[in-house]
Amino acid sequence: MKHTITVTDHQLTIIRDLLEERLEDIDEEITFYSENPKALEEDAEGETLSIEDYEDYRDEVQTLLDNLPEPEEA
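Note that the structure is a prediction, hence the values are computed from the model and not measured. (Residues numbered from 1 in each chain as written. Predicted model: local features only at pLDDT ≥ 70, side-chain atom pairs only at ≥ 80, totals over all residues. Heavy atoms only, no water.)

Novice: With reference to specific residues and values, describe the overall build of the chain.
Specialist: A tally of helices and strands in the chain yields 3 helices and 0 strands. The C-alpha atoms of the chain give 16 Å as radius of gyration, which overshoots the globular expectation for 74 residues (11 Å, by more than 25%). Counting across all 74 residues of the chain, residues that qualify as buried make up 19%. Considering only residue pairs separated by 6 or more positions, the chain has 70% of its internal contacts joining residues 24 or more positions apart. About 6100 Å² of surface is accessible on the chain, with carbon and sulfur atoms providing 48% of the total. Taking the average location of the 5 positive side-chain charges in the chain and that of its 25 negative ones, the two points are 4 Å from each other. (Helix = DSSP H or I, 4+ residues; strand = E, 2+ residues; numbered from the N terminus. Rg over C-alpha atoms; globule rule 2.2 N^0.38 Å. Buried < 20%, exposed > 50% of the residue type's maximum accessible area, 1.4 Å probe, protein only. Contact = heavy atoms within 4.5 Å. Areas by Shrake-Rupley, 256 points an atom, 1.4 Å probe, with all protein chains shown as cover. Lys, Arg positive; Asp, Glu negative; His and termini not counted. Charge placed at Lys NZ, Arg CZ, Asp CG, Glu CD.)

What follows is the structure, given as structure tokens:
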């Protein structure tokens with residue numbers, strides 16, 4: 001399914017900032033859980049999560065960010 005939305009340059013800047021921050025958070029989570037696998041089991045709360053799941057999610061966020069246009073300079 002494909003969706004089309006219209007955003008202003010300011011909104012696009014906000015979206016890009018949020019995605020970049022999320023990428024940083026995901027990288028920190030991957031590092032933490034790689035060093036503390038027991039914490040991943042505890043934090044998963046019954047779900048089956050792995051480092052690979054976090055890496056896949058990071059890749060999806062990166063792909064989304066890579067495909068967003070750059071905001072136009074005013």
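Novice: Tell me what's going on with the packing of helix H1 (residues 9–35) against helix H3 (residues 51–67), and back it up with residues and numbers.
Specialist: At a minimum axis distance of 10 Å, the contact between H1 and H3 shows a crossing angle of 160 degrees. Judged by the angle between their axes, H1 and H3 are roughly antiparallel. For H1 against H3, the interelement crossing comes out left-handed. Seen from H1, the contacting residues are Arg16, Leu19, Glu20, Arg22, Leu23, Ile26, Asp27, Glu29, Ile30, Tyr33 and Ser34; seen from H3, they are Ile51, Tyr54, Glu55, Tyr57, Arg58, Val61, Gln62, Leu64 and Leu65. Residue composition of the contact of H1 with H3, grouped by class: 11 nonpolar, 2 polar and 7 charged. (Axes fitted to C-alpha atoms, helices over the stretch in contact; angles between N-to-C directions. Parallel < 35°, antiparallel > 145°, perpendicular 65-115°, else oblique. Left-handed = near helix turned anticlockwise from the far one by under 90°. Nonpolar A, V, L, I, M, F, W, Y, C, P; charged D, E, K, R; others polar.)

Novice: An account of the nonpolar core is requested, with residue identities and associated values reported.
Specialist: Residues Leu19, Leu23, Ile26, Ile30, Tyr33, Ala39, Leu40, Ile51, Tyr54, Val61 and Leu65 constitute the largest nonpolar core, which totals 11 residues. Within the residue set of this core, elements represented by two or more residues are H1, helix H2 (37–43) and H3. No other element matches the 5 residues that H1 contributes to this core. Leu65 has contacts with Arg16, Leu19, Glu20 and Leu23, leaving out every residue within four places of it along the chain. (Core = buried A, V, L, I, M, F, W, Y, C linked by side-chain atoms within 4.5 Å.)

Novice: Now, about the environment of Asp56: what can you tell me, with residues and values included?
Specialist: One can find Asp56 in helix H3. In this structure Asp56 comes out as partly exposed when scored by relative accessible area, which is 48%. Residues Asp56 and Glu35 lie 21 residues apart in sequence; the distance between their C-alpha atoms is 18 Å.

Interpretation note: all reported values are geometric properties and have no functional meaning in isolation.
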